[in-house]
Amino acid sequence: GSLRVRQDYLIAEGLLSPYVQGDEQAAEVEAMALARIRQLSAHEVGHTLGLSHNYISSAQGRASVMDYPHPLVQLDEEGEIDLSEAYDTGIGAWDKVTIAYGYQDFPQGTDEARALDAIIADARSEGITFITDQDARPAGSAHPQVHLWDNGSDAATELDRMMAVRRVALDRFGEEAIRSGMPMATMEEALVPLYLHHRYQVEAAIKVVGGLEYTYALRGDGQRPLRPVSSEAQSRALASVIATLDPEALAIPESVLSSLPPRPAGFGPHRELFPRYTGLVFDAITPSVVASSTVLGFLLHPERAARLVQQHARDEEQLGLTQVFHELFQLFESEPESGYHAEINRATQGVIVAAVMGLATGAEMPQVRAEANLALSGLSEALTGRLEQASGADRAHYLMVVEEIERWKDRPMEPRPAPGYPDAPPGSPIGSEAMDWATLSCSFTPLTWR
């Protein structure tokens, strides 16, 4: 519980920057943390009564405390951050259904089997259903409305909204996020969850791509077992996801970068901070690498890639894997507005290439490997054609990418060190293994899948 409360404090401090004078009690921050503990208490009582997680409930109007809720952060009419509905109050419609189903004491003479079926049928008629862990937790899972730490009935629309909230909070983030007397470097603790405010919603939106709407249908119950997400919805979700990779979205304001000194004695590096390429100094690039590698790890998961290949083969109007590569490679065509944005874009491009290599080498479906290989060949050819016109950092970057692809093509299956990218700080809630800070350097994990 204490880690969850701490995380909520950090989330709210990053969003609100509440310490204008420096000594405020920040009542809104405390209220949000207590609201989460209230919801969590109901959730755990639900388990003692035999209830399972229901991860579709966030898409059905917060229908169950048995979901894992992300705080619902909104902008009010004046464009200010509003946490008043961060966590819901009371149990939800699905919770009442499950208690009725499991504990109802029917009158004598009742056909119990039929009465129980009627409870579920009535819930289904009101749009209240159930999908649990095995369909929500895997990175390659397919249901577009089933995820942990998400909100909204339309994951892509909610992602766009969350990015707007994140932008407002990032633009005003500063020393007001910490109390007077705290080292300026400790602003980073609140910056991390703010910068990654969208991390779980982007994963939810990715599930729309190659997604399937389905239920736990039984023969004769009238449910539709499954259907693919429409091509329009998949394309819109893909656009929303790729928009989070834009350098403007990934850049940290200069006012923040110029206010974060190295950490003083007694406030050393720890797992809740961004990893660094830069030693003790705050790194302006690795946050964007962390964010983009999270996106690419989910978007180009081998199982999702296989579904994209198969759905396009069955219906040419549907999104295919090659089209996803094409949309990602548009980031190689952009013209960032500053040197900082250009460096972020090059870093993101490197993550894209590594992720496609991971598919081309490790995907089980041969056609996924084939399309990934073709995409890499086409990218190498295109960048080779730009080398003479490119200069400076772009020329160095293009040359490295081309040489990486060519080395991979020469020995695609030969074991060799893979490009590694920094781990994201924990946050769902904090509780994973600590990053290895023994050498004050990044903890690198290859962007590959098994």
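Everything discussed here concerns the structure shown above.
Attention shifts here to the packing of aromatic side chains. Enumeration over the complete set of coordinates arrives at seven aromatic pairs. Seen in terms of ring centroids, Tyr68 and Trp149 are 5.1 Å apart; in terms of plane orientation they differ by 45°. Their pairing is tilted. Here Trp149 lies in the loop between helix 4 (112-125) and helix 5 (155-172) and Tyr68 lies in the loop between helix 2 (27-48) and strand 1 (74-75), a separation of 81 residues in the sequence. Look at Trp149 and you get buried, because its relative accessible area is 8%. The interplanar angle of 65° and the centroid separation of 6.1 Å between the aromatic rings of Phe130 and Tyr216 together place this pair among those described as edge-to-face. Residue Phe130 is located in the loop between helix 4 and helix 5, and its partner Tyr216 is located in the loop between strand 3 (212-214) and strand 4 (226-228); the two are separated by 86 residues in the primary sequence. Owing to a relative accessible area of 31%, Tyr216 belongs among the partly exposed residues under this scheme. Chaining the aromatic ring pairs together yields one cluster made of Tyr55, Tyr68 and Trp149. The ring of Tyr195 is capped by Arg166, whose NZ or CZ atom sits 4.8 Å from the centre of that ring.

Quick look at the environment of Leu194 now. Its place among the elements puts Leu194 in helix 6 (residues 187-195). Measuring from C-alpha to C-alpha, the distance between Leu194 and His312 comes to 37 Å, with 118 residues separating the pair along the chain.

Conventions adopted
Residues numbered from 1 in each chain as written. Predicted model: local features only at pLDDT ≥ 70, side-chain atom pairs only at ≥ 80, totals over all residues. Heavy atoms only, no water. Phe/Tyr/Trp six-rings, centres within 6.5 Å; stacked < 30°, edge-to-face > 60°. Helix = DSSP H or I, 4+ residues; strand = E, 2+ residues; numbered from the N terminus. Buried < 20%, exposed > 50% of the residue type's maximum accessible area, 1.4 Å probe, protein only. Lys NZ or Arg CZ within 6 Å of the ring centre and 35° of its normal.

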